[in-house]
Number of protein chains: 2
Amino acid sequence: MDRLIKVAVDAMGGDNAPAEIVKGAVEAVNESTKIKVILVGDEAAVKGELAKYSYDKERIEVVHASEIITNNEHPVEAVRKKKDASTVVAQKLVRTGDADAFVSAGSTGAVLVGGQLLIGKIKGVERAPLAPVIPTEKGVSLLIDCGANVDARPSHLVQFAKMGTIYMENVIGRKNPTVAIVNVGAEEEKGNQLVRDTMPLLKECKDINFIGSIEAREIPHGGADIIVCEAFTGNVILKLYEGVASTLLGRVKQTLKSSLKTKIGALFVKDALKNMAKEFDSSEYGGAPMLGLKGLVIKSHGSSKAKDIRICILKCIAFVENDVTGKISEHIKE
Amino acid sequence: MDRLIKVAVDAMGGDNAPAEIVKGAVEAVNESTKIKVILVGDEAAVKGELAKYSYDKERIEVVHASEIITNNEHPVEAVRKKKDASTVVAQKLVRTGDADAFVSAGSTGAVLVGGQLLIGKIKGVERAPLAPVIPTEKGVSLLIDCGANVDARPSHLVQFAKMGTIYMENVIGRKNPTVAIVNVGAEEEKGNQLVRDTMPLLKECKDINFIGSIEAREIPHGGADIIVCEAFTGNVILKLYEGVASTLLGRVKQTLKSSLKTKIGALFVKDALKNMAKEFDSSEYGGAPMLGLKGLVIKSHGSSKAKDIRICILKCIAFVENDVTGKISEHIKE
């Protein structure tokens, strides 16, 4: 590959912007010579942060944007009105071909809306899903869809399965990944109307490794590489994952402080437990790709630190080099 | 109350039947003089177990049933064909008024089907939900519906909210319990069609303490006393709860064994962590009531031990004494 892979980054998005975002961009550029980052946001603030680091000046560009879209704004209205918002300006760079990908830790709503309205879907893609990578006992799985596409149709879920397979193979590097659909039981006749209607379509689909239903209980055990569901269910799964994990880890912490005896024990086990908890923290796995668009969009979580942004930016290399957009376009037609 | 509260128990249901079921029945009868248990199942086997204990002979009766419905059978067919199955015979006792309630650790499908077909719904109840009590940081919440009623309508969810409120107040003893509907965001316009259509109906509902949407993340934190959702979502929540908890606790165990240092620490913290895990184990909270039927049905989990069966049987006292069936009948009409 001769040309640089250009990643537009919303420098103003997330709780730790712009400092951690800029730091992550510098780290990515220093780690891979294949990458060029375009930092979009308040020029003075971004340049102030950049001044702290040394890096290849040719491979970080700053594009000024005077506005910011927050989590409290209505995404559709905000994207339409705030033409000079960092997320809007950055996504337009992808649309015009000035960037290959877009990374943001800002408003999820604005990223989802912008992806559809500003970047646009690949021809033939009915809906563009958001697909976070979630931790499991066996590593990670892709949970597709967790976006804003509620009330999906069977054909949407089939496209999610195809796009998820292409992403998992080409970006995460999982060969012939398994695909399962979230259901309330393993028996064929179980499930709601959507699942029952989708099941035969997934079975017929030649370009995926479909293994049938998955009960939610099996997701944390790594029951399938790609977990297909409509977005309402996906959001419930993603958020309950976080909720149960944080509640349980909080309880463990409390328990370790509950008596003199446990406090002594805690001195011996604290570090190991902390590492374990970190491993199970979904934020460790970089962001969630929004698939099916004319360019990669990666949404990193709102509390992203430099390392999260760095991982998201570096993921764009495999995405572009393996031509995921081209592959999606090809498989969607079938 | 002069008369005994009669509870029909499926003596053959669950992994530990009949031994643990019979033991639980004896414990319940020995704990409360208000209770009479009718053990339904293989007479010889049940009487063999009963012979091990001393108890008030007037308050445990054995009714013979020659068949068993397993988890592997199709529930509708099994309930129709196996007229002498323990779960069928026991539920018929509720229908005829020979028992006030039915407790089973057997096939959930057979309990749900039998509840509808054999016991029957209270007049006006559109669907009978299964409502497990789940552990939270603040105690417990009622998750309603986790049954077999997929593709629910808004009016069903409103009835679930009312029935859940009555159960929580009268059986669990929570005063003026809060009700929330599972959603993907707190904003009013969010949610799928079902949630958006149900929301205004729940707001208008005078006999519940409705507090709006709840995101799945807040469920383990105890965000509401009664969590309303349709059964597909409910099943996903219930099973993911179990899956994430067991995965994480397994990881904690593994971590404690990972080095000499952690093994030493484990000696100090093991017991406290075990108690914590037990507290978070939903099986500790007794079974899941199936509401809206002409009599109480409580489904205990398949691996129930005597103490679980004991708790389920004792719960029937408050249910009958506080006339939950009468109250549901009254509130459903409104």
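Residues numbered from 1 in each chain as written. Chains lettered and ligands numbered in written order. Predicted model: local features only at pLDDT ≥ 70, side-chain atom pairs only at ≥ 80, totals over all residues. Heavy atoms only, no water.

Concerning the overall build of chain A
Within chain A, the regular secondary structure consists of 11 helices and 11 strands. In terms of overall dimensions, chain A is globule-like: its C-alpha atoms have a radius of gyration of 21 Å, near the 20 Å expected for 334 residues. In terms of overall dimensions, chain A has a C-alpha envelope of 65 × 60 × 40 Å along the principal axes. Counting every position in chain A, which comprises 334 residues, the buried fraction comes to 57%. Side chains of chain A carry 45 positive and 43 negative charges; the gap between the two charge centres is 3 Å. (Helix = DSSP H or I, 4+ residues; strand = E, 2+ residues; numbered from the N terminus. Rg over C-alpha atoms; globule rule 2.2 N^0.38 Å. Buried < 20%, exposed > 50% of the residue type's maximum accessible area, 1.4 Å probe, protein only. Lys, Arg positive; Asp, Glu negative; His and termini not counted. Charge placed at Lys NZ, Arg CZ, Asp CG, Glu CD.)

Remarks on the environment of Glu137(A)
With respect to the helices and strands, the residue Glu137(A) is situated in the loop between β5 (133-136) and β6 (139-144). With 60 residues separating them in the primary sequence, Glu137(A) and Glu77(A) have C-alpha atoms 41 Å apart. Apart from residues lying up to four places away in sequence, Glu137(A) is in contact with Pro220(A), His221(A), Thr247(B) and Arg251(B). At 2.8 Å, the side chain of Glu137(A) and the side chain of His221(A) are in polar contact. Among the polar contacts listed, one links the side chain of Glu137(A) to the side chain of Thr247(B), at a separation of 3.5 Å. (Contact = heavy atoms within 4.5 Å. Polar contact = N/O pair within 3.5 Å; in protein donor to acceptor, adjacent residues only side chain to side chain.)

Focus: the state of the cysteines
Disulfides are covalent bonds that link the sulfur atoms of two cysteine residues. This structure, assessed with the given rule, holds zero disulfides over all chains. Here Cys229(A) is not cross-linked by a disulfide; its sulfur's nearest cysteine counterpart is in Cys146(A), at 5.8 Å. (Disulfide = S-S within 2.5 Å.)

Some remarks on the nonpolar core
Core analysis: the biggest nonpolar cluster contains 186 residues, and Leu39(A), Ile219(A), Ile313(A), Leu39(B), Ile219(B) and Ile313(B) have the highest contact counts within it. Not counting the four nearest positions on each side in its chain, Ile313(B) is found in contact with Val7(B), Val9(B), Gly24(B), Ala25(B), Ala28(B), Ile35(B), Val37(B) and Val103(B). (Core = buried A, V, L, I, M, F, W, Y, C linked by side-chain atoms within 4.5 Å.)

A closer look at a positive patch on the surface
Taken together, Lys253(A), Lys257(A), Lys270(A), Lys274(A) and Lys261(B) make up a surface patch of like positive charges. The topology assignment puts Lys270(A) in helix α9 (residues 260-279). (Patch = residues over 30% accessible without salt bridge, like charges linked within 9 Å, V, L, I, M, F, W, Y side chains within 5 Å. Areas by Shrake-Rupley, 256 points an atom, 1.4 Å probe, with all protein chains shown as cover. Salt bridge = Lys/Arg side-chain N within 4 Å of Asp/Glu carboxyl O.)

Notes on the interface of chain A and chain B
The interface of chain A with chain B comprises 54 residues on the first partner and 54 residues on the second. Summed over both partners, the interface of chain A with chain B buries about 4900 Å², with 71% contributed by carbon and sulfur atoms. When the area that chain A buries against chain B is broken down by residue, the three leading residues are Phe232(A), Leu240(A) and Arg251(A), summing to 14%. At the boundary of chain A and chain B, one finds four salt bridges. (Buried area = accessible area lost by both parts, 1.4 Å probe.)

A few points about helix α7 (residues 193-204) of chain B
Along α7(B), the residues that are buried comprise Leu194(B), Val195(B), Thr198(B), Met199(B) and Leu202(B). With its buried residues spanning 130° around the axis, α7(B) presents them on a single face. (Arc of directions from axis to C-beta.)

Overview of the pattern of salt bridges
Any two side chains of opposite charge can pair, on the condition that their charged atoms come close. Inspection of the entire model under this criterion finds 28 salt bridges over all chains. As a salt-bridge pair, Lys82(A) and Glu73(A) come within 3.0 Å of each other at their nearest N and O atoms. Taking relative accessible area as the criterion, Glu73(A) reaches 23% and is therefore assigned partly exposed. The salt bridge involving Arg217(A) is made with Glu215(A); its shortest N-O contact spans 3.9 Å. Judged by relative accessible area, which is 27%, Arg217(A) ranks as partly exposed. Among the ionic contacts, a cluster of salt bridges with common partners joins Glu215(A), Arg217(A), Lys239(B) and Glu242(B).

A look at the side chain of Asn192(B)
Tracing the backbone through its elements, the reader meets Asn192(B) in the loop between β7 (178-182) and α7. For Asn192(B), a relative accessible area of 12% gives the class buried. One polar contact links the side chain of Asn192(B) to the main-chain amide nitrogen of Val195(B), over a distance of 3.0 Å. Setting aside residues up to four positions removed in sequence, Asn192(B) forms contacts with Val150(A), Asp151(A) and Phe232(A).

Overview of the sheet that holds strand β9 (residues 226-228) of chain B
Residues and elements named next belong to chain B. With mixed pairing, the five strands of this open sheet are ordered in space as β5-β6-β9-β7-β8. Of all strands in the sheet, those bounded by a partner on one side alone are β5 (133-136) and β8 (209-214). The mean angle between the axes of side-by-side strands here comes to 30°, regardless of whether they run parallel or antiparallel. Looking at chain direction, strand β6 (residues 139-144) and β9 are connected through three bridges and run parallel. Across the sheet, the residue bridging to leucine 143 is isoleucine 227, located in β9. (Pairing = 2+ DSSP bridges. Axes fitted to C-alpha atoms, helices over the stretch in contact; angles between N-to-C directions.)

What to know about the sheet that holds strand β2 (residues 35-41) of chain A
All names here are of chain A. Ordered in space as β3-β2-β1-β4-β11-β10, the six strands form an open sheet in which the pairing is mixed. Here the strands that pair on one side only, and so sit at the sheet edges, are β3 (60-64) and β10 (288-290). Across the sheet, the mean angle from the axis of one strand to that of its neighbour is 25°, orientation sign disregarded.

Here we look at the confidence of the model for chain A
Residue and element names in this part refer to chain A. Summarising the model, chain A shows a mean pLDDT of 91, and 96% of its residues fall at 70 or more. Looking at the elements of chain A, mean pLDDT is at its lowest for α9, recorded as 83, and at its highest for β2, recorded as 98. The ipTM for the predicted assembly is 0.87, set against a pTM of 0.90. (pLDDT = per-residue confidence, 0-100.)

What about the relation of the copies chain A and chain B?
Its rotation angle being 180°, the transformation that places chain A on chain B also includes 0.0 Å of axial translation and leaves an RMSD of 0.0 Å. Considering both components of the superposition, the chain copies are consistent with a two-fold axis. When each C-alpha of chain A is compared by its distance to the rotation axis, Gly265(A) comes out closest, at 2.1 Å. In this assembly, 100% of the residues forming the interface of chain A have copies in chain B that are likewise at the interface, indicating an isologous arrangement. (Least-squares fit on C-alpha atoms with pLDDT ≥ 70 in both.)

Quick look at empty space enclosed by the protein
Counted according to the given criterion, the structure contains two cavities of 30 Å³ or more. Size it by volume and the largest cavity reaches roughly 60 Å³. In terms of lining, the largest cavity is formed by Leu157(A), Ile181(A), Val182(A), Asn192(A), Leu194(A), Val195(A), Cys229(A), Glu230(A), Thr233(A) and Phe232(B). Considering only residue class, the lining of the largest cavity consists of seven nonpolar, two polar and one charged. Considered as a void within the structure, the second largest cavity measures approximately 50 Å³ in volume. Along its surface, the second largest cavity is lined by Phe232(A), Leu157(B), Ile181(B), Val182(B), Asn192(B), Leu194(B), Val195(B), Cys229(B), Glu230(B) and Thr233(B). When contributions to the lining of the second largest cavity are tallied by element, the ones reaching two or more residues are β7 and α7 of chain B. (1 Å grid on protein atoms, 1.4 Å probe; cavity = no way out; pocket = protein on both sides within 12 Å on 5 of 7 lines; lining within 4 Å. Points joined across faces, edges and corners; volume = space filled by probe spheres on them. Nonpolar A, V, L, I, M, F, W, Y, C, P; charged D, E, K, R; others polar.)

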